Amino acid sequence: MQPDKVFVELLAKHQNIIHKVCFMYMQHANDREDLFQEISLQAWKSFSNFKNQSQFSTWLYRVALNTAITFFKKENRKRQLIITNDEVFSDQSEEPNLAEEQTAFMYKAISNLGDVDKALVMLYIDDYSYNEIAEILGISANHVAVKMNRIKSRLKEEGLKYYQM
Amino acid sequence: MDLDNLKIQFNKELSSAKTKNEQMLVDILQRDSISVIDKIKRSLKWETMLAIFLTICAGIAAVLISYPSIKIYCDVFVMIGLAFIVVLYNLSKKISRSKTNTLPVKQNIQETLQLIKNYVRISYSINAALVPTFLIFAFYLRVYDDSLPTLLFTATNSFWLIIYAIALAVLGIFLSKKYMDSLYGKHIRKLEENLSNFE
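Definitions and limits used
Residues numbered from 1 in each chain as written. Chains lettered and ligands numbered in written order. Predicted model: local features only at pLDDT ≥ 70, side-chain atom pairs only at ≥ 80, totals over all residues. Heavy atoms only, no water. Patch = residues over 30% accessible without salt bridge, like charges linked within 9 Å, V, L, I, M, F, W, Y side chains within 5 Å. Areas by Shrake-Rupley, 256 points an atom, 1.4 Å probe, with all protein chains shown as cover. Salt bridge = Lys/Arg side-chain N within 4 Å of Asp/Glu carboxyl O. Helix = DSSP H or I, 4+ residues; strand = E, 2+ residues; numbered from the N terminus. Buried < 20%, exposed > 50% of the residue type's maximum accessible area, 1.4 Å probe, protein only. Phe/Tyr/Trp six-rings, centres within 6.5 Å; stacked < 30°, edge-to-face > 60°. Lys NZ or Arg CZ within 6 Å of the ring centre and 35° of its normal. pLDDT = per-residue confidence, 0-100. Contact = heavy atoms within 4.5 Å. Buried area = accessible area lost by both parts, 1.4 Å probe. Polar contact = N/O pair within 3.5 Å; in protein donor to acceptor, adjacent residues only side chain to side chain. Nonpolar A, V, L, I, M, F, W, Y, C, P; charged D, E, K, R; others polar.

**Here's the deal with a nonpolar patch on the surface**
Residue and element names in this part refer to chain B.
Moving on, step 1. On the surface, Ile52, Ile56, Ile60, Val63 and Leu64 cluster together into a nonpolar patch covering about 510 Å² of accessible area.
Moving on, step 2. Along the polypeptide, Val63 turns up in helix H3 (residues 36-64).
Moving on, step 3. Looking at Val63, the relative accessible area reads 64%, which means it is exposed.

**Regarding the packing of aromatic side chains**
Moving on, step 1. For the structure shown, the criterion picks out 11 aromatic pairs over all chains.
Moving on, step 2. With a centroid separation of 4.9 Å and 55° between ring planes, the pair formed by A:Phe7 and A:Phe47 is classed as tilted. Taken as a pair, A:Phe7 in helix H1 (residues 5-25) and A:Phe47 in the loop between helix H2 (29-46) and helix H3 (56-69) lie far apart in primary sequence, 40 residues in all. For the pair A:Phe7 and A:Phe47, one class covers both residues: buried.
Moving on, step 3. With 5.5 Å between their ring centres and 35° between their planes, A:Phe56 and A:Trp59 make a pair best called tilted. On the criterion of helical spacing, the pair formed by A:Phe56 and A:Trp59 is a turn pair, its members being 3 residues apart in helix H3. The exposure classification of A:Phe56 matches that of A:Trp59, with both residues buried.
Moving on, step 4. Grouping aromatic residues by their ring pairs yields a cluster made of A:Phe7, A:Trp44, A:Phe47, A:Phe50, A:Phe56 and A:Trp59.
Moving on, step 5. Here the guanidinium or amino end of B:Lys20 rests over the ring plane of A:Phe36, the centre of that ring lying 4.7 Å away.

**So, the confidence of the model for chain A**
All names here are of chain A.
Moving on, step 1. Looking at chain A, pLDDT values average 81 and 82% of them are 70 or higher.
Moving on, step 2. When pLDDT is averaged over each helix and strand of chain A, the minimum, 44, is found for helix H4 (residues 85-88) and the maximum, 93, for helix H7 (residues 130-137).
Moving on, step 3. Taken together, the stretch residues 75-92 has pLDDT below 50 and engages in 47 contacts with residues farther than four places along the chain or on a different chain.

**Regarding the interface of chain B and chain A**
Moving on, step 1. With 50 residues of chain B at the contact, the number on the chain A side is 66 residues.
Moving on, step 2. For the pairing of chain B and chain A, the buried interface totals around 5100 Å² over both sides, and the portion due to carbon and sulfur atoms is 61%.
Moving on, step 3. The largest contributions to the chain B side of the interface with chain A come from B:Leu3, B:Leu29 and B:Asn101, which together make up 15% of the buried area.
Moving on, step 4. Between B:Asp38 and A:Lys45 there is a salt bridge whose closest N-O contact spans 2.6 Å.
Moving on, step 5. The interface formed by chain B and chain A includes 21 residue pairs in polar contact (both at pLDDT 80 or more).
Moving on, step 6. Secondary structure elements with two or more residues in the side of chain B that touches chain A: helix H1 (3-14), helix H2 (22-29), H3, helix H5 (105-144) and helix H6 (155-196) of chain B.
Moving on, step 7. In terms of residue count, the dominant contributor to the side of chain B that touches chain A is H1(B) (9 residues).
Moving on, step 8. Here the side of chain B that touches chain A is composed, by residue class, of 19 nonpolar, 15 polar and 16 charged.

Shown next, in the form of structure tokens:
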């Protein structure tokens, strides 16, 4: 089926959302490409259900997260986001500075979270309100707040452990 | 560093992602999906086609073969085949109707899990039941049809044939379980784990 022009334009405009989700859920470039393709296809298949009741970006976020969380290309090839210092600073010859090291640590800590917690972190750092996150995930805003507090505490604890090493 | 500080860095990293132009997106949208639900849809399509083909073959055999017991066997095969086609068709329709991707994430996981489990349960039940059913039925018919050639069945080897048939049925059930688990087991467990993360 030939893709609808309106859909392609919307997808091109909001593709950054898909890139973000791929970046969060897949480590390797090939896997990110595969996930990008799958999210785009699923969004296209579901586009007839988009009723303009919500913003396209929020709708696309939901489709992207749903696809990423249930995506298994090959069961033994599913990889988690594991970003090492080497990968983050691969284009730099100098020793990483403190800020870069902290960023690398944060990515590594987030990669150890479950798929659902990663979705929460993503929406949070993308400035979605607790109510919007609750709507996308299908849980209450209070539950989102509780889970966010737990995630923040966990990341903080891991940070403390890391810097005590 | 906390999550709020990470936001800036995260967006910076993403700015290096290769933006796709509209033509590249159109190309992507014309490829095949590799999601588990789409794979199940494709499997169901092939299984339905195979069931239709075998049922037609059995129907033709029932008309052409003159041995009464084999005629009965083929007739029963046709009836079971038709029931099988109805089950596969209904399952396929149910999966095609589901629009899980636009649901909230928690509900999507629940529905996807339910669809996969349903498919696995039905496939396993059919695989597990069909082999012993037809083997037992074949032996039963053989016992009551003296017109069949006695090339395979004699008084001395019938006992062993029954033993082999039972062993084959048990092996079939075991392999069927293993096969379904290798295809969907990890996926189901991962989705269950994700669902438990909502608690």
